[in-house]
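The chain contents come next:
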Amino acid sequence: MSQKEAADESDSSGVEEVPEDDEKEPQSESIEELTKDGLGKIISATKASLALPAGASRDLYCAQPSFIRIVNGESDKILDIVGKILKHQNIRGNIQRRDDDERMDLVLECNDSMLERINSNLDEMAGLKKAPEMVLAEVALSPQEKRRHSSGRNSMGEAKLLTAKNILRPQVNFRVPVDNRNSTPFEPRIKYKPNSLKPLAILAEYGDDGMIESYLHPYEVELGRFEVPEEQLGKVAPKKPPKDVEETPLVFIDSPEKLPEVVQELGKVKEIAVDLEHHSYRSFQGFTCLMQLSTRDKDYILDTLTLREDLHVLNEVFTNPGIVKVFHGADCDIEWLQKDLSLYVVNMFDTHQAARKLSFARASLAYLLKHYCHIEADKTFQLADWRIRPLPEELVAYARRDTHYLLYVYDMLRNELLRKANYQPNWLRSVYQQSTEICRKRYVKPRLTLDSHMELYRKSKKNFDNRQLFAFREIFNWRDGIAREEDESCAYVLPNHMLFHIAEVLPREMQGILACCNPVPPLVRQHLLHIHKIILKAREQPLEKVILAEEAPRMAPGTTIDINSFLYCPHDLPREIQDNLPTLLDTVEPPNVPALPDMRKLHAKVSIFEEKHPKKNLPKIPFVSPYQRYRAVIPIAEEERRKAQQLEEAQKQKRRLCPEASEVLPEIVASPEIKTESGKRKSEGSGGEPAGKIPRKEAHREAPEPPAASTSPETPKMSRNKRKKLKKMQQEAKLAEFDYTSVDFSKFQGGSRPEKTERHDYASKFRSRGQKARNADKRLNKIFR
């Protein structure tokens, strides 16, 4: 660890800085001098430690509070320094929270690690041990993998995964360490702002909690005031296609000394084609590995791994509003330039946006090269590992093709946009506007929140219970933390399908965790104990079924609906948005919803139903909807059903009490509503004179003679109530004429057996029996009711 890094780390941890004398101490020029200097310091430190009091004398010194205070303070400083050394050597454990034996074990482990590394480096310097050479490895993809990686695009040749073994991680050599912390946002590292209209100022944006959320774009003002130069809005003269790749000179730049010459050459041209190659599998945020630049006559390839901290000088060209930078699909390239190289772009033309504006069948670069240059894009090495150094010739040729023909495609797209717009610059200007909006994008670091795992869980369509979901969340958070700490991608630490498998199975043993992973990721094997503890804790959770909220947004309770809006239609909304939408058939208005307009009161301005016939005064027929007809028929149908039910019950009761009543009294059975009230029924013979009476205690009154219905045409029609009364009087008159003497009362159940006498004598004897006669009268009333 260098002295500058130690000073920075001491500042961040709140511990005193290293003294200035140690910082300014000259470094040793050889191993012998370094070893001699180190041994001298170790001897002086040993002498100082032996000079401290021990035994009984130390007990005497410890009686003084000032001695104890000084010793404790110095001990804390020494432990803090040792803790930093352990952290730098990747020794896990907090030495300040351990006892003496554990502290000694940590120090011994650190010494062994340091001595092993020193011996390895000495052997390498002496030539006894050489660094492992990179071995290229090509893996041909299956047709299914090829379609998945190429997104269905046809490519020339067979796609291959070109990588190498024993690749040294480029992050180790970065002069500025990568900041993967979740608590801090990305901060622009630009120190100099060329072509500026406003001085450089890194301004922070604060959230509601007072924490910094992001930083403003350094070139926000310049992009807002950018106007497309007039020479970029005119028609381009037809030019020949560019020369072949083999005939165009190539400049490879991998040292800072060559950058000033490149900046000077690029500043003289008016158009530059730019492309980047990125790697993200062995890095948490990823990093840019290569930059390709092309002019009309020359191609450039810049090694961004070596020139990572020096390429900011290209802002002289990239932010020059007089030079157009041509990209294809620059959405990610703009963010990568900001994050890795501190580069910003002003005046850009995105050929992808132009292809979309022209509504091409496809907007890919391969399609544009085929359409304008008649070149089949070679995508054989689209999955290559761009960390390989030195770059193979195949990768160099592949990288040049992405920008070599791009300026010619830019010219053809400009002419096509002008032709489609009748040679007006409207369409061309809109493409520049869209490209400028892409330049406004700011890089945002991936953030871990409490619900970050739910996005991946919803995409998987899994149905976990609370135990499985608990394990999934904890392992997801562990994976994110390890990826940030080790600067590895989450897919390298633990792929998604393995994460879901472990959370779904919840194996009891550690071997079960390894069985869920094939092959086992190295970091999973290293932290196997921690993952096992997460699973055991998940299995201890009470088992409950997890019910996730609906993905579709629901309308909040109490939300009012503006029915006067032209966009409102209660029946066009999906079912899962709201269940109680108002309809015209509802009788009760739902709460908090305005009343719907009465559709019957709405009349058209021009209608044939409003006008009357000029010769005939036709009555106006009101419109009755089918639903209103249905509502009006409901009570009538209910009344008919009730009457039919009463008739059926009366027939059943009569059959039970008088099985032969249907043969004797057919007219009475047909009228179940006839009542035997006192004084209203009287039997008559065939001659019209009364032949006998019903055995009752009170005498029956003669039924009144019903009035004859008038058949005169001048007489007005009777109302409904009068017709009912007339019908009732006719029924009573008919009952009064019935001859009850013809009824054989011996067939009724519950009555006494009659003697062999005349029927009229039987009735007279029956009336003289007192209480029995009254009981029989009640039974008769029930029969005829």
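Everything that follows concerns the structure shown earlier in this document.
Residues numbered from 1 in each chain as written. Predicted model: local features only at pLDDT ≥ 70, side-chain atom pairs only at ≥ 80, totals over all residues. Heavy atoms only, no water.

Digging into the overall build of the protein
The helix and strand tally for the protein stands at 29 helices and 10 strands. For the protein, the proportion of its 785 residues judged to be buried stands at 34%. Within the protein, residue pairs in contact and separated by at least 24 positions form 65% of the contacts whose partners lie at least 6 positions apart. Carbon and sulfur atoms form 53% of the exposed surface of the protein, whose accessible area is close to 51,900 Å². (Helix = DSSP H or I, 4+ residues; strand = E, 2+ residues; numbered from the N terminus. Buried < 20%, exposed > 50% of the residue type's maximum accessible area, 1.4 Å probe, protein only. Contact = heavy atoms within 4.5 Å. Areas by Shrake-Rupley, 256 points an atom, 1.4 Å probe, with all protein chains shown as cover.)

Overview of a negative patch on the surface
A surface patch of like charges, here negative, comprises D99, D101, E102, D105, E109, D112 and E116. Within the secondary structure, D112 sits in helix α6 (residues 100-126). The exposed category is assigned to D112, whose relative accessible area is 52%. (Patch = residues over 30% accessible without salt bridge, like charges linked within 9 Å, V, L, I, M, F, W, Y side chains within 5 Å. Salt bridge = Lys/Arg side-chain N within 4 Å of Asp/Glu carboxyl O. Lys, Arg positive; Asp, Glu negative; His and termini not counted. Charge placed at Lys NZ, Arg CZ, Asp CG, Glu CD.)

A closer look at the side chain of R308
Within the element layout of this structure, R308 appears in the loop between β8 (299-303) and α10 (315-318). Apart from the residues lying within four places of it in its own chain, the contact partners of R308 are F174, F287, K339, D340 and L341.

What to know about the pattern of salt bridges
Per the counting criterion, the structure on display carries 32 salt bridges. Across the salt bridge formed by R308 and E309, the nearest N and O atoms sit 3.8 Å from each other. For E309, a relative accessible area of 18% corresponds to the buried category. Between K459 and E455 there is a salt bridge, and its shortest N-O distance comes to 3.7 Å. Here K459 and its partner E455 are both found in helix α17 (residues 452-460), 4 residues apart, which amounts to about one turn of the helix. The same class applies to K459 and to E455, which are both exposed. Salt bridges linked by common partners bring R189, R308, E309, K339 and D340 together as one network.

Digging into the sheet that holds strand β5 (residues 250-253)
Reading across the sheet, the 6 strands line up as β5-β8-β7-β6-β9-β10 and stay open at both edges, with mixed pairing between neighbours. Sheet topology places β5 and β10 (348-350) at the edges, where each strand pairs with a single neighbour. Each strand axis lies, on average, 25° off the axis of its neighbour in the sheet, ignoring direction. Across the face of the sheet, helix α11 (residues 331-341) comes into contact with β6 (271-279), β7 (287-294), β9 (324-327) and β10 while running at roughly 75° to β6. (Pairing = 2+ DSSP bridges. Axes fitted to C-alpha atoms, helices over the stretch in contact; angles between N-to-C directions.)

Comments concerning unusual backbone geometry
Both trends apply: most residues other than glycine have a negative phi, and most peptide bonds are in trans. For the peptide bond that leads from R389 to P390, omega is 0°, which places it in the cis range. Looking along the chain, the bond that leaves N518 and enters P519 is cis, with omega of 0°. Within the secondary structure, P519 sits in the loop between α21 (510-515) and α22 (522-526). The phi dihedral of Y423 falls on the positive side, at around 60°, and the residue is not glycine.

A short note on the packing of aromatic side chains
Per the counting criterion, the structure on display carries 17 aromatic pairs. A ring pair is formed by Y627 and Y630, whose centres lie 6.3 Å apart and whose planes are at 40°; its orientation type is tilted. Within this pair, Y627 and its partner Y630 are both found in helix α24 (residues 626-657), separated by 3 residues, close to a single helical turn. Cation over ring: K193 sits above Y219, and NZ or CZ is 5.1 Å from the ring centre. (Phe/Tyr/Trp six-rings, centres within 6.5 Å; stacked < 30°, edge-to-face > 60°. Lys NZ or Arg CZ within 6 Å of the ring centre and 35° of its normal.)

A word on the environment of K165
Assignment of secondary structure puts K165 in strand β2 (residues 160-165). The class of K165 is exposed, set by a relative accessible area of 54%. Here the alpha-carbon distance between K165 and I388, two residues 223 residues apart in the chain, equals 9.4 Å.

Describing the environment of R98
The topology assignment puts R98 in the loop between α5 (65-88) and α6. The exposure class of R98 is partly exposed, given its relative accessible area of 31%. When sequence neighbours within four positions are dropped, the list of residues in contact with R98 reads G93, R103 and L106.

Here we look at the packing of α17 against helix α18 (residues 466-486)
Two measures define how a pair of helices packs: the angle their axes make with one another and the distance between the axes. Between α17 and α18, the least distance of the axes is 10 Å, while the angle of their chain directions is 120°. Considering their axes alone, α17 and α18 lie oblique with respect to each other. The crossing of α17 and α18 is right-handed. Here α17 contributes S452, H453, M454, L456 and Y457 to the contact with α18, which in turn contributes L469, F472, R473, F476 and R479. The residue inventory of the contact of α17 with α18, partitioned by class, reads 6 nonpolar, 2 polar and 2 charged. (Parallel < 35°, antiparallel > 145°, perpendicular 65-115°, else oblique. Left-handed = near helix turned anticlockwise from the far one by under 90°. Nonpolar A, V, L, I, M, F, W, Y, C, P; charged D, E, K, R; others polar.)

A look at the side chain of H279
With respect to the secondary-structure elements, H279 resides in strand β6. Side-chain polar atoms of H279 contact the side chain of D385, separated by 3.5 Å. Once residues lying within four places of it in the same chain are set aside, the contact partners of H279 are G286, F287, C289, D385 and R387. (Polar contact = N/O pair within 3.5 Å; in protein donor to acceptor, adjacent residues only side chain to side chain.)

Section: the nonpolar core
Ranked by internal contacts, the top residues of the largest apolar core, which has 64 residues, are M291, F318 and F349. In terms of residue count, the dominant contributor to this core is helix α15 (residues 406-420) (8 residues). Residues in contact with M291, not counting those within four places in the same chain, are D275, L276, Y300, I301, L302, T304, L314, F318, L337, L341 and L343. L469, I502, L523 and V524 belong to the second largest nonpolar core, which has 34 residues in total. (Core = buried A, V, L, I, M, F, W, Y, C linked by side-chain atoms within 4.5 Å.)

Concerning empty space enclosed by the protein
Within the structure shown, the criterion is met by 3 cavities of 30 Å³ or more. Counted as a void, the largest cavity has a volume near 90 Å³. In terms of lining, the largest cavity is formed by L365, A366, L369, I375, E376, A377, D378, K379, Y398, R401, D402 and Y405. Put simply, the parts of the chain that give the lining of the largest cavity at least two residues each are α13 (365-373) and α14 (393-404). Here the residues of the lining of the largest cavity sort into 7 nonpolar, no polar and 5 charged. (1 Å grid on protein atoms, 1.4 Å probe; cavity = no way out; pocket = protein on both sides within 12 Å on 5 of 7 lines; lining within 4 Å. Points joined across faces, edges and corners; volume = space filled by probe spheres on them.)

Side note on α11
Considered for burial, the residues of α11 that qualify are D333, I334, L337, Q338, K339, D340 and L341. Here the buried face of α11 lies against β6, β7, α10, β9, β10 and α16 (426-439). S342 sits one or two positions beyond α11 and adopts a positive phi of about 55°.

Digging into a nonpolar patch on the surface
A cluster of nonpolar side chains, I31, L115, I118 and L122, forms an exposed patch at the surface whose accessible area comes to about 340 Å². Per-element accounting of the nonpolar patch gives the leading share, 3 residues, to α6. Here I118 shows up in helix α6.

Side note on the pairing of β7
Extensive coverage of β7 is indicated by the burial of 8 of its 8 residues. In this sheet, β7 lies alongside β6 in antiparallel orientation, the contact comprising 7 bridges. If you follow H278 over to β7, its bridge partner there is T288. Of the strand pairs in this sheet, β7 and β8 are connected by 5 bridges, and their pairing is antiparallel. Residue pairing in the sheet places L290 in a bridge with D303 of β8.

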